[in-house]
Amino acid sequence: MADEWEQVPQGDDRIAPPRPLDAIDRDILRILQTDGRASIRSVAERVHVSRANAYARINRLIDDGVIRGFSARVDHERAGQGASAYITLKIVQNSWRTVREQLQALPGAAHIALVSGDFDVLLLVHTPDNRSLRELVLTRIQAIPEVLSTRTLLVFEETDLDRRLTADGV
């Protein structure tokens, strides 16, 4: 059985390799992505399985890490976060984990990704206004010793896409 488990690179937790999703699993994910508050009964009816089956499948998807959580989609402007920006960072080689920890602590940090290409990190932030954004970039991000340079891309308008799975499950 030990051969079926793989080591998680950033910790001591062990996880099972991913199980393939069937059509019912993908339908359940589509429903929950559209309405994370859908009841088990509603999900079961829409995918034509029993409530017990739907409950077991949702719990398995959670236990397997396929469903990482449930959240609300927020209109950042209406929530007082009127300025949004993508910030690209070039960082010192092999400093990703240290930089990631510091970026996660920033107010308004919404998404952090280690990427390839002309820069190393892509950070999405939401702030109350441009002055707050400026302070965040100039006094917080650029003060991180491992950050070599930044570039700020203001978001003028954004569209929250429906995060549904495609037919092939991707």
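This structure is a prediction, so every number in the text was calculated from the model and none was measured.

This brings us to the overall build of the protein chain. Across its full length, the protein chain carries five helices and six strands. Expressed as a percentage of the 170 residues in the protein chain, the buried residues total 26%. A fraction of 61% describes how many contacts in the protein chain between residues 6 or more apart in sequence connect residues 24 or more apart. When the accessible area of the protein chain is evaluated, it comes to approximately 12000 Å², of which 49% is carbon and sulfur surface.

All right, on to helix 5 (residues 130-141) then. Taken together, the buried positions of helix 5 are Leu133, Leu136, Val137 and Ile141. Buried residues along helix 5 cover an arc of 85 degrees about the axis, so they all sit on one side. The N-terminus of helix 5 is capped by aspartate 129, whose side-chain oxygen sits 3.3 Å from the backbone nitrogen of arginine 131.

Here aspartate 22 lies in the loop between strand 2 (14-15) and helix 1 (23-34). Judged by its relative accessible area of 33%, aspartate 22 is partly exposed. Polar side-chain contacts of aspartate 22 include one of 3.1 Å to the backbone nitrogen of isoleucine 24. Engagement of the side chain of aspartate 22 in a polar contact is seen with the side chain of arginine 57, the distance being 3.0 Å.

Turning next to the sheet that holds strand 4 (residues 109-114). Strand order in the open sheet formed by four strands is 4-5-3-6, and the pairing between neighbours is antiparallel. The open sheet has two free edges, formed respectively by strand 4 and strand 6 (147-155), since each of these has just one partner strand. Between one strand axis and the next, the sheet turns through 20 degrees on average, direction left out of account. With seven bridges joining them, strand 3 (residues 83-91) and strand 5 (residues 121-127) adopt antiparallel strand pairing. Counterpart to alanine 83 in the pairing with strand 5 is threonine 127. Sheet strands touched by helix 5: strand 3, strand 5 and strand 6. Its angle to strand 6, the strand with the most contacts, is close to 170 degrees.

Among the nine residues of strand 3, seven are classified as buried, and the element is accordingly described as predominantly covered. In the sheet, strand 3 pairs with strand 6 via eight bridges, with the strands oriented antiparallel. When the sheet's bridge partners are listed, isoleucine 87 is paired in strand 6 with threonine 152.

Mean pLDDT for the protein chain: 86, with 85% of residues reaching 70 or above. The low-confidence segment residues 1-12 (pLDDT under 50) makes 18 contacts with residues lying over four places distant or belonging to another chain.

Relative to the helices and strands, leucine 138 resides in helix 5. On the basis of relative accessibility, which here comes to 44%, the residue leucine 138 falls in the partly exposed class. Taking the C-alpha atoms as reference, leucine 138 lies 9.3 Å from threonine 150; in sequence the two are 12 residues apart.

Calculation criteria
- Residues numbered from 1 in each chain as written.
- Predicted model: local features only at pLDDT ≥ 70, side-chain atom pairs only at ≥ 80, totals over all residues.
- Heavy atoms only, no water.
- Helix = DSSP H or I, 4+ residues; strand = E, 2+ residues; numbered from the N terminus.
- Buried < 20%, exposed > 50% of the residue type's maximum accessible area, 1.4 Å probe, protein only.
- Contact = heavy atoms within 4.5 Å.
- Areas by Shrake-Rupley, 256 points an atom, 1.4 Å probe, with all protein chains shown as cover.
- Arc of directions from axis to C-beta.
- Polar contact = N/O pair within 3.5 Å; in protein donor to acceptor, adjacent residues only side chain to side chain.
- Pairing = 2+ DSSP bridges.
- Axes fitted to C-alpha atoms, helices over the stretch in contact; angles between N-to-C directions.
- pLDDT = per-residue confidence, 0-100.

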